[in-house]
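The primary structure of each chain is shown beneath.
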Amino acid sequence: MKKTIILIVLAALSISSCTAIFETAAPKIPPTEISASAPELYVAVIWHQHQPFYATDPETGLFVAPWVRLHAAKDYVDMAAMVANYPNIHVTFNLTPSLLKQIDEISAGKRDLPWEMTLVPADQLTDEQKTYILQRFFDTNGKIIARFPRYEELMDKRGGAADDQIQKALEIWTAQDYLDLQVLFNLAWTDPDYLAQEPLASLVSKGRDYSEKDKQVVLEKHLKLVEQVVSVHRDLQKSGQIEVTTTPYAHPILPLLVDTDLAKIAVPDISLPTRFSYGRDAVEQLDRGIELYEELFGQLPRGMWPAEGSVAQEIVGPVYRAGIQWIVTDEAILEKSLGINLARAENGIPANPEQLYRPYQVAEREDQPVAILFRDTQLSNKVSFDYSQIETQAAIDDFIGRIHAIRDSLKNQEGGPFLLTVILDGENAWEWYDNDGKDFLNGIYSRLNSDATLKMVTPSEFLSLNTSELMLIPTLFAGSWDGGDFKTWIGEPEENKGWNYLGIARATLEEYVRGNKKGQTSEKQLAKATEAILAAEGSDWFWWFGSDKDSGNDPAFDAQFRETLGQMYDALDLQRPDYLSVPVIYAAPIEPDKSLEGVSSPDIDGQVGVGEWQQAGQFTFEGARPAGLSFAFSKEKISLLLDQAPEDEFSVYIKVPAIQTGAPFSVEGKQVLEMDATHRVKIDAGGSAAVLQAWDGQDWAVVANTPVVIKNGAALELSFAHNALWPTLDAGDALLLRIATDKSLFPTQAPARLLTPDLGRIRWMVEVADPANDDHGPGSYVYPSDGVFVNGVFDLLKFQVGSDENNLVFKIELRGPVDNPWGSTNGLSIQTIEVYLDIDGAANGARMLRSARNAAVSDSYAWDYALTISGWQNGLFYASDPENADINVPLTIITDPGRRTAMVKIPNNIIPGDPTGWAYAVAVYSQDGYGPNGIRDVLPVAERWRIGGGPQGVTNMPRLMDYLWPEGTVPSQEEMLSSYSPSSGLVSDLKPDDFAQLEMVKP
């Protein structure tokens, strides 16, 4: 018998919705009649539209970030309005309460900081305001900037965002430059449809030399679009063409609010913060989100996208009691909940499709069911990430073709009707597409609108058609859309630090709600404090903490998170505690002005002999006292020289990498050290000193090893044994150091980084040289044009493998500089370096390199472990899970700009076997936070931020700039990187043999 198949394609920030109709507080959906000629497949699209609660500056009352306004102008209105052009298209939009509340506030007159910076007359800007504009008004995708020639011109004139480049721009930019940038930044963040209409079309055509009045035109249009967001969705929902769903109030990870220990279900050995368990907050987040929805849309929501698709059995009861009829999450949760296999065949169809493409139910009690749908992860990710990389028509054809293939795979399956769920972010993908994704969206809507075998519905419409009883999932696995676990939001040191900050603040509030201080504050104060805590519980803060994700401006999110917690204390009339002044994300350390040149042992005698400190590293502090710091390492001790040493008592604070806890403040002036100092060398006015160690992050105890200090006039020489800090310092250990007087810190911006040289403890076992000047990939690649891409930065010269008592060590030497213009915490910004290890031949492992690299090892090999060495998204990866780093393996990355090297250390016990018997693949790429999986793309012609020399229209060309391959070896690097059959299709559909074939090096 022919079955009716129903497909739901949900598009959500992290994933989105599905539906079931039960007797709850929400209204029932009128049933939809199914004719005898019912379509073979129903399709539902859900776009998840979300912004977190951005902090409000307490002095100005401004939102510190503009993203609610800018995405309203570019995405939210037009994406909904577009649907009205296709009468057969029914779509679901998930609008988060945190987004809706801020839209309401902007509509009522609240502004954001970039809005205010736009309004300042260009000829009246202060240097501080100019600096802000230069730093932040290029915050958009280069693909969008390229649509505006004057915008590109201004970007070239500014150069990069490093402090010295900003300073140079301040000296040469004119008032007209700033005025044009004020207009163009806001124009760029406007949907192309509105840019093609008046009054904005004239401004686009004008192109440059804007007036102050022109700024008002753009901002007035932005405000009108913000004001239309709710009304356009409300009207379309009333007409029956869309369904609007919701998310818990501040977009929190609900299971982690219930209990952070739930993270152990997916990752038993995960490192967790102090336990956070406030189930009442999860209920409050649910109730507030639903209340706001009802206020704005005049009805209760039926469906919910749990923030980040995060679910657990523990949230099912609260979700039901909140009146929610259906929720959605990722297919990985279904696999783990039922123990089924959904691995995909080459055509993209999963094993057991009849189990994935259907709704289920979960329940705390038998009479309290909640329907649950599971997204098709592969198809969701293709819209989010892949389709923007190929020609638009090919993307449309592929999307529709996959839907047809899924339809066909289910035709003879029992258990229908079936449902395919595709969920992706509804706002962040389009900047990567041509024309802001409008051609792609109109293309798929047009095809679906006219395809007689397909019909688009909302999830609630589908569930009203499905009268059969849904299969019960006995226990819902605890995890999210991202890998089926919570590792993106908890487990890394920064993430855990953020949870601890939240936990301290939440415990303080609890004292006033239910504890000893209950009744000591007004209801108004408690309400304001609770609002701040709920906002701080949002998932977005923790998304950006840690090394696995990078926003391009993580410190700004850190500051907003701590400001939000601070406003909780303000509401309770409490002084903000000291911990809130300590960043979750510490500033990148300062590199020496002169690098260390090896091991040396100056005489500590107060006499600075000629050449005695010649091999030392050196920091210079201009116009300050101390005027400079030199440092040297011998096998037994560390020596320091302070030029123009402070006359009064001061301290040298040090952090050793082996100890995770320490003191964040100086004793002298309680300054924030931007590191957790583990040791303090206290030096009095007479020159005597003691080494102290921090205990519990605050108490200092004297260490037995006494330093030698000689002060002779303005110079002070100091030395102490390594074991005063740690039993053994290893090569590459990066000590952080900061000098504190009662008024100042040196260096002023961040701690100094002292890199321990090779003290003779590393036994080098493998060394392979690579030719110079072959950093051109297959032979044709050329560097991007921006000045940060200095000649040789991607040119690999030497690769070494060694070990010491504790670690396996990999060292890479480059021809060009190892600089850090974008401020990563480990000193790498420009390069991404990867080391692939085949420890047992081709018997096990994978051939494809990690995604977006577009290369594979030949069939003679299969890699087992991969090390990604970069400023962000680094870690140890396994062939069985090549896209998720093992967060439990401590990976230490050390850069040495003076020697132009990067080194990575991992514990000796992680990778088994003898390194001399392994095969190695070592590749150098250009790191790009906006590129596919962090890798810079290759275009036919080089651009400011794109590599040139790639073939036109080809999607599977390798993105490697250099590959470890000894000179004269056959085949050559160029031949290997050219050994692929060009394809214009999706790389995710290709096999390893379709990519460049890399032979591995066997020492």
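Residues numbered from 1 in each chain as written. Predicted model: local features only at pLDDT ≥ 70, side-chain atom pairs only at ≥ 80, totals over all residues. Heavy atoms only, no water.

Asks: Is there a simple way to explain the overall build of the protein chain in this structure?
Replies: Within the protein chain one finds 26 helices and 39 strands. Computed over the C-alpha atoms, the radius of gyration of the protein chain is 29 Å, within 12% of the 30 Å expected from 2.2 N^0.38 for a compact globule of 1003 residues. Of all intrachain contacts in the protein chain linking residues separated by at least 6 positions in sequence, the fraction that spans at least 24 positions is 71%. As displayed, the protein chain has an accessible area near 36,600 Å², and 48% of this comes from carbon and sulfur atoms. Side chains of the protein chain give 82 positive and 141 negative charges; the mean places of these two sets differ by 3 Å. (Helix = DSSP H or I, 4+ residues; strand = E, 2+ residues; numbered from the N terminus. Rg over C-alpha atoms; globule rule 2.2 N^0.38 Å. Contact = heavy atoms within 4.5 Å. Areas by Shrake-Rupley, 256 points an atom, 1.4 Å probe, with all protein chains shown as cover. Lys, Arg positive; Asp, Glu negative; His and termini not counted. Charge placed at Lys NZ, Arg CZ, Asp CG, Glu CD.)

Asks: Would you take a moment to explain the side chain of aspartate 558 for this structure?
Replies: Mapped onto the elements, aspartate 558 comes out in helix α25 (residues 554–571). In terms of polar contacts, aspartate 558 uses its side chain to reach the backbone amide nitrogen of isoleucine 585, at 2.9 Å. (Polar contact = N/O pair within 3.5 Å; in protein donor to acceptor, adjacent residues only side chain to side chain.)

Asks: How should I be thinking about the side chain of threonine 521 in this particular structure?
Replies: Within the fold, threonine 521 resides in the loop between α22 (493–513) and α23 (523–536). Since its relative accessible area comes to 13%, threonine 521 is described here as buried. Setting aside residues up to four positions removed in sequence, threonine 521 forms contacts with Tyr512, Leu526 and Leu572. (Buried < 20%, exposed > 50% of the residue type's maximum accessible area, 1.4 Å probe, protein only.)

Asks: What exactly am I supposed to notice about the packing of α22 against α25 here?
Replies: To describe two helices that pack against each other, one gives the angle between their axes and the distance between the axes. Close contact between α22 and α25 brings their axes to 10 Å; oriented N to C, the two are set at 10°. The angle between α22 and α25 falls in the class roughly parallel. On α25, the residues that touch Gly498, Tyr501, Leu502, Ile504, Ala505, Thr508 and Leu509 of α22 are Phe561, Arg562, Leu565, Met568 and Tyr569. Classifying every residue of the contact of α22 with α25 gives nine nonpolar, two polar and one charged. (Axes fitted to C-alpha atoms, helices over the stretch in contact; angles between N-to-C directions. Parallel < 35°, antiparallel > 145°, perpendicular 65-115°, else oblique. Nonpolar A, V, L, I, M, F, W, Y, C, P; charged D, E, K, R; others polar.)

Asks: What should I look at first to understand the pattern of salt bridges in this one?
Replies: Any two side chains of opposite charge can pair, given that their charged atoms come close. Evaluated as defined, the whole model comprises 59 salt bridges. Of the charged contacts, one joins aspartate 937 and arginine 959 as a salt bridge, the two residues approaching to 2.9 Å between their closest N and O atoms. Of this pair, aspartate 937 sits in the loop between β37 (919–926) and β38 (962–963) while arginine 959 sits in the loop between β37 and β38; the two residues are 22 residues apart in sequence, bridging distant segments of the chain. Three or more residues are tied together by salt bridges with common partners; here these are Arg150, Glu153, Lys157, Asp177, Asp180 and Arg208. (Salt bridge = Lys/Arg side-chain N within 4 Å of Asp/Glu carboxyl O.)

Asks: For this particular structure, what's the right way to read the sheet that holds strand β28 (residues 763–769)?
Replies: Hydrogen bonding along the main chain pairs the strands of a sheet, whether they run parallel or antiparallel. Taken together, five strands build an open sheet; the order of strands is β28-β29-β30-β36-β35 and the sheet is antiparallel. Two strands bound the open sheet, and with one partner strand each, they are β28 and β35 (892–896). Averaged over all adjacent pairs, the angle separating strand axes in this sheet is 15°, with direction ignored. (Pairing = 2+ DSSP bridges.)

Asks: Hey, could you run me through the sheet that holds strand β16 (residues 637–643) in this one?
Replies: On the basis of which strands lie adjacent, the open sheet formed by five strands has the order β14-β15-β16-β24-β23 and antiparallel pairing. The sheet is open, and its two edges are formed by β14 (617–620) and β23 (708–712), each paired on a single side. Taking each pair of neighbouring strands and ignoring which way they run, the sheet shows an average axis angle of 15°. Bridging between strand β15 (residues 628–633) and β16 involves six bridges; their strand directions are antiparallel.

Asks: For this particular structure, what's the right way to read unusual backbone geometry?
Replies: Glycine aside, the phi torsion of most residues is negative, and most peptide linkages are trans. Following glutamate 198, the chain continues to proline 199 via a peptide bond in cis, the omega torsion being 15°. Here proline 199 lies in the loop between α9 (192–195) and α10 (200–206). Of note, asparagine 352 is a non-glycine position whose phi angle comes to about 55°, a positive value. For asparagine 352, the location among the structural elements is in the loop between α16 (331–338) and α17 (353–356). Non-glycine residue aspartate 436 carries a positive phi angle of around 60°.

Asks: When you look at the packing of helix α19 (residues 392–410) against helix α20 (residues 438–450) in this model, what are you seeing that I'm missing?
Replies: Contact pair α19 / α20: the axes reach a minimum separation of 9 Å and the direction vectors enclose 40°. The pairing of α19 with α20 is recorded here as oblique in orientation. Judged by the sense of rotation from one axis to the other, the crossing of α19 with α20 is right-handed. Mapping the contact onto sequence places Thr392, Gln393, Ala395, Ile396, Asp397, Phe399, Ile400 and Ile403 in α19 and Asp439, Phe440, Gly443, Ile444, Arg447 and Leu448 in α20. Classifying every residue of the contact of α19 with α20 gives eight nonpolar, three polar and three charged. (Left-handed = near helix turned anticlockwise from the far one by under 90°.)

Asks: Would you explain the pairing of strand β36 (residues 901–907) in this entry?
Replies: For a regular strand, side-chain orientation follows a simple rule: the groups alternate between the two sheet faces. Among the seven residues that make up β36, six are buried, leaving the element largely enclosed by the rest of the structure. As judged from the five bridges shared by β35 and β36, these two strands associate in the antiparallel manner. The residue of β36 that forms the bridge with threonine 895 is alanine 902. Hairpin connection between β35 and β36: a loop of four residues separates the two successive antiparallel strands, and arginine 900 in this loop has a positive phi of roughly 55°.

Asks: For this particular structure, what's the right way to read the packing of aromatic side chains?
Replies: Aromatic ring pairs are defined here through the distance separating the ring centres and the angle between the ring planes. Tallying each qualifying case throughout the model produces 42 aromatic pairs. Seen from their ring centres, tryptophan 430 and phenylalanine 440 are 6.4 Å apart, and the 35° between their planes marks the pair as tilted. With a gap of 10 residues between them, tryptophan 430 in the loop between β11 (421–425) and α20 and phenylalanine 440 in helix α20 connect regions that are remote in the sequence. Summarising the burial analysis for this pair, tryptophan 430 and phenylalanine 440 share the class buried. An aromatic cluster is built from Phe276, Tyr278, Trp499, Trp541, Phe542, Phe545 and Phe561, whose rings are joined through pairwise contacts. When the ring centre of tyrosine 249 is taken as origin, the NZ or CZ atom of arginine 288, which lies over that ring, is 5.9 Å away. (Phe/Tyr/Trp six-rings, centres within 6.5 Å; stacked < 30°, edge-to-face > 60°. Lys NZ or Arg CZ within 6 Å of the ring centre and 35° of its normal.)

Asks: Help me understand α23, please; the structure alone is not making it clear to me.
Replies: Count 3.6 residues to each turn of an α-helix, and residues three or four apart come out pointing the same way. The terminal C-alpha atoms of α23, which comprises 14 residues, lie 20 Å apart, in line with the 20 Å expected from a rise of 1.5 Å per residue. Turning to α23, its buried residues number three or more, namely Gln525, Leu526, Ala529, Thr530, Ala532, Ile533, Leu534, Ala535 and Ala536. In this fold, the buried residues of α23 make contact with α14 (279–297), α22, α24 (539–544) and α25. (Expected span 1.5 Å × (residues − 1).)

Asks: Before we go on, may I ask you to explain a negative patch on the surface in this structure?
Replies: Taken together, the side chains of Asp104, Asp287, Glu291, Glu294 and Glu295 define an acidic patch exposed on the protein surface. At four residues, the largest contribution of residues to the negative patch is made by α14. Here aspartate 287 lies in helix α14. With relative accessibility at 37%, the residue aspartate 287 sits in the partly exposed group. (Patch = residues over 30% accessible without salt bridge, like charges linked within 9 Å, V, L, I, M, F, W, Y side chains within 5 Å.)

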